[in-house]
Amino acid sequence: MRGAALVAIAATIGNFLQGWDNATIAGAIVYIKNDLNLGTSVEGLLVAMSLIGATAITTCSGAISDWLGRRPMLIISSMFYFVSGLVMLWSPNVYILCVARLLDGFGIGLAVTLVPVYISETAPSEIRGLLNTLPQFTGSGGMFLSYCMVFGMSLMDSPSWRLMLGVLSIPSLLYFALTVFYLPESPRWLVSKGKMLEAKQVLQRLRGREDVSGELALLVEGLGIGGETSIEEYIIGPADELADGEEPTADKDKIRLYGPEEGLSWFAKPVTGQSILGLASRQGSMVNQTVPLMDPLVTLFGSVHEKLPETGSMRSMLFPNFGSMFSTAEPHVRNEHWDEESLQREGEDYASDAAGGDSDDNLHSPLISRQTTSLEKDMVPPASHGSILSMRRHSTLVQDSGKSVGSTGIGGGWQLAWKWSEQEGEDGKKEGGFKRIYLHQEGVPGPLRGSLVSLPGNDMPVEDEFIQAAALVSQPALYSKDLMDQRPVGPAMVHPSETASKGPIWAALLDPGVKRALLVGVGIQILQQFSGINGVLYYTPQILEEAGVEVLLSNLGLSSNSASFLISAFTTLLMLPCIGVAMKLMDISGRRRLLLTTIPVLIVSLIILVFSEIVDLGTVVNAAISTACVIIYFCCFVMGYGPIPNILCSEIFPTRVRGLCIAICALVYWIGDIIVTYTLPVMLSSIGLAGVFGIYAVVCLISWVFVFLKVPETKGMPLEVITEFFAVGARHAAATKNE
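Calculation criteria
- Position numbers for residues count from 1 along each chain, tracking the sequence in the order it is written.
- Two thresholds apply to this predicted model, a pLDDT of at least 70 for residue-level local features and 80 or more for giving and counting side-chain atom pairs, whereas whole-chain, interface and lining totals are computed over all residues.
- The side-chain quantities take in all heavy atoms of the structure and omit both hydrogens and water.
- Secondary structure is summarised from DSSP: a helix means a run of H or I of at least four residues, a strand means a run of E of at least two, and numbering begins at the N terminus for each.
- Contacts between residues were defined by any pair of non-hydrogen atoms, one from each residue, lying within 4.5 Å.
- Computed by Shrake-Rupley with a 1.4 Å probe, the accessible areas treat only the displayed protein chains as cover when residues are assessed.
- What counts as a ring pair is set by centres within 6.5 Å for rings of Phe, Tyr and Trp (its six-membered ring), and what kind of pair is set by the plane angle: stacked under 30 degrees, edge-to-face over 60, tilted for all other angles.
- Throughout this description, buried means an accessible area under 20% of the type-specific maximum (1.4 Å probe, protein chains only), exposed means over 50%, and partly exposed covers the range between.
- Remark: a charge is flagged as sitting over a ring if the NZ atom of Lys or the CZ atom of Arg is within 6 Å of the ring centre and within 35 degrees of the ring normal.
- Working convention: axes come from line fits to C-alpha atoms, limited for helices to the stretch in contact. Angles between N-to-C directions cover 0 to 180 degrees.
- The scheme is simple: roughly parallel for angles under 35 degrees, roughly antiparallel for over 145, roughly perpendicular for 65 to 115, oblique for anything else.
- Each helix crossing is assigned a hand: it is left-handed if the near helix lies turned anticlockwise from the far helix by less than a right angle, otherwise right-handed if that turn is clockwise.
- By this rule the span expected of a helix is its residue count minus one, scaled by 1.5 Å.
- Salt bridge, as used here, is a side-chain nitrogen of Lys or Arg placed within 4 Å of a carboxyl oxygen of Asp or Glu.
- Each residue gets one label: Ala, Val, Leu, Ile, Met, Phe, Trp, Tyr, Cys and Pro are nonpolar, Asp, Glu, Lys and Arg are charged, and the others, such as Gly, are polar.
- Like-charged residues within 9 Å of one another, or nonpolar side chains (Val, Leu, Ile, Met, Phe, Trp, Tyr) within 5 Å, are grouped into patches, provided each residue has over 30% relative accessible area and no salt bridge.

Novice: Help me out: how do you make sense of the overall build of the protein chain in this one?
Specialist: Across its full length, the protein chain carries 25 helices and 9 strands. Taking the intrachain contacts of the protein chain between residues at least 6 apart in sequence as the baseline, contacts between residues at least 24 apart amount to 80%. Accessible surface, the protein chain as shown: approximately 29,300 Å² in total, 60% of it carbon and sulfur.

Here is the structure:
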């Protein structure tokens, strides 16, 4: 995990530069307007140019990142930062300065949009929330250091605004070097383009271990969008190996799970009515009767977090030793190529004559392996499968001839499995079905253990060895029924490169799960912008001036400008420890709980600010109350509503369209920012400060209701499981609506 943390820190330098620039222009504009004799309108345009640039670049950044990659876009962002810094350092007039600010906005837009995506796609699910709060921390840290720099330069006889703005090029040069020479490409993006070897190498670097096959298999499964998903329930426990020559059980309800080591195996018994997740799926309408507008997917997500294993989400309880889908037990077996860049087709496999070395030749397909089944015996192997990658035979993963599952841990208390089942069709011929299973361990309540008596077996099992598990069962991402027409030997999947898209998949935006995720992402982004943060930032200097802070600083010999910069630096400094607390809690309390806890504090703070504006309690009392409310507002905002919208938006979309969807959410964010920024002066002159804060309080109340009804908890869950839940929740909501 150390590798993922270091990569996340390096990536968030882009957010550091955004915070640095925001604070620098706020200080430099005081000197720019005097030096260049700017009017009010030109001054406003100059400040807004970076906002315009960020909005413009966001419209295409997501689609391009889905096509070109995350890392190249971060490199381009660093270049925009560097060039804009140099141009601002040189700017001979306001026109060149506006162009430089526009380029700076391009860099900001790319960083703000894609850094959360990049971190989500590289971070382990257990610490994804912590690492994705880093952009908020580094952004605020950049603002603090920039205000300190501007304050120091304001003490000079003739401060240079060009130097203030041009300093940006120094840290941006570091950012450029890190993006080029240190940051790897997102492994999920690499898998989406069929570059399996490179994805494996990146994962090994990020996780600090050689065996990353389980997560790599998960990334392959994340390529799917849509498809039918069902929720099933199992009781899972250990099972003894079959004796030599012994026929496997004929129990069709029994699914066997086999580990990579001889003698290590489990079996699963389908049940009904035991799983918390299953109950949430079937009885979600009961919850919705109590809370009529509650989204079913909120109930589904919540059921996952109600009962986690005692060992927590950091470690798998059910299969602590469950191994790799990439078998290395038999090196003599021919290996399949999974990297489109060096793919060679030979016969019916992606084969290579080489057998050693760190290359594609050692990279096995992330598919289950099994013994020859009765279905295979009835089929004549074709001469070639073309673009089909067949299941390997001869492996340490031994399965039954009825139903077989290969499984591996994917983190967050989840297991990934594939199930191959055979049945007779209407014509009497054997037919096979290939299913993917996401298993969630839920523990076994006392009353459940009595039902284990009915499980097949010679001896009465030890109760504590069994657990209950909910399962999301759906079609694998790379499997298609069309493959069966080509009569492959056993279940087969196309190579990821065959499904790699060269551009954005716009049609995927119409998938019910993606639409539901877009509703959550767009809704929380626009509500965040109208929750009052810009208004409070605008009002902070006035509040602190009324509190006598600026007068106190002036008595110490500081100019009004220097005092204002020092106050702003102090305000941003207060944010840092609060963001640190949020980083700690993000993967413990969760995103949803933090929002539901901190938003009411924002509402109370805004209401008290309205009260202090309407009721005259005396200058000192009013100033003290206002100062306390502003500080509390800032601290709670950066703990919840500040970082969480971007975190959620980077988690809830499928891999193939993640960049495109988060760009849509970011575009809404920037448009909302523009609206709030330019309507604030008008609102202040028309309804006054009390009216503005009153509106913000109402928006915060609406935000709390929206989060309560529509925003699910995503902590500790793999991204691929999150998107699967959105698909299930969307279909469940549609079914409930039709009833």
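Structure's up, so let's keep going.
Novice: Would you take a moment to explain the packing of aromatic side chains for this structure?
Specialist: Given two aromatic rings, their pairing is described by the distance between the two centres and the angle made by the two planes. Under the criterion given, the structure shown has 11 aromatic pairs. Note on Tyr669 and Trp670: the rings are 5.0 Å apart at their centroids and 80° apart in plane angle, and the pair reads as edge-to-face. Classification of Trp670 by relative accessible area gives buried; the value is 4%. The cationic tip of Arg205 hangs over the ring face of Tyr182; the distance from NZ or CZ to the ring centre is 4.8 Å.

Novice: What is the right way to read the packing of helix α20 (residues 560-585) against helix α22 (residues 619-639) from this model?
Specialist: A pair of packed helices is characterised by two quantities: the angle between their axes and the separation of those axes. Viewed as axis vectors pointing N to C, α20 and α22 meet at an angle of 40°, and their least axial separation amounts to 8 Å. Judged by the angle between their axes, α20 and α22 are oblique. The crossing of α20 and α22 is right-handed. In this structure, α20 contributes Thr571, Leu574, Met575, Cys578, Ile579, Val581 and Ala582 to the contact, and α22 contributes Ile631, Phe634, Cys635, Val638 and Met639.

Novice: Please explain helix α7 (residues 134-154) as it appears in this structure.
Specialist: A turn of α-helix holds 3.6 residues, and therefore any two residues three or four places apart point the same way. For α7, built from 21 residues, the straight-helix expectation of 30 Å at 1.5 Å per residue is met to within 8% by its first-to-last C-alpha distance of 30 Å. Counting buried residues in α7 gives 17 out of 21 residues, a clear majority hidden from the surface.

Novice: Can you help me understand the environment of Leu660 in this one?
Specialist: Along the chain, Leu660 falls in helix α24 (residues 658-710). A relative accessible area of 5% means that Leu660 is categorised as buried. It is 8.1 Å that separates the C-alpha atoms of Leu660 and Ile64, two residues lying 596 residues apart in sequence.

Novice: Help me out: how do you make sense of the pattern of salt bridges in this one?
Specialist: A pair can form between side chains of opposite charge whenever their charged atoms are brought close. One pass over the structure, following the stated rule, counts 12 salt bridges. Across the pair Arg70 and Asp66 runs a salt bridge whose closest N-O atoms are separated by 2.8 Å. Asp66 carries the same exposure label as Arg70, and that label is buried. With a shortest N-O distance of 2.7 Å, Glu121 and Arg658 are connected by a salt bridge. Within this pair, whereas Glu121 is found in helix α5 (residues 94-122), its partner Arg658 is found in helix α24, the two being separated by 537 residues in sequence. Across the pair, Arg658 and Glu121 agree in class, each one buried. Via salt bridges that share partners, Asp66, Arg70, Glu121 and Arg658 belong to a single interconnected network.

Novice: When you look at unusual backbone geometry in this model, what are you seeing that I'm missing?
Specialist: Negative phi characterises most residues that are not glycine, and trans characterises most peptide bonds. Here the phi dihedral of Asn37 falls at roughly 55°; this positive angle occurs in a residue that is not glycine. For Asn37, a relative accessible area of 66% translates into the label exposed.

Novice: Looking at this structure, how should I read the side chain of Asp104?
Specialist: Tracing the backbone shows Asp104 in helix α5. Look at Asp104 and you get buried, because its relative accessible area is 0%.

Novice: I keep staring at the packing of helix α1 (residues 2-11) against helix α11 (residues 196-207) and nothing clicks. Help me out?
Specialist: At their nearest, the axes of α1 and α11 sit 5 Å apart, and the two run at 95° to each other. In terms of orientation, α1 and α11 fall into the roughly perpendicular class. Between α1 and α11, the residues in contact are Gly3, Ala4 and Val7 and Arg205, Leu206 and Arg207, respectively. Class assignment of the residues belonging to the contact of α1 with α11 gives a composition of 3 nonpolar, 1 polar and 2 charged.

Novice: How should a nonpolar patch on the surface be read in this particular structure?
Specialist: On the surface, a nonpolar cluster with roughly 260 Å² of combined accessible area is contributed by Trp67, Leu68 and Ile76. Tracing the backbone shows Trp67 in helix α3 (residues 40-68).

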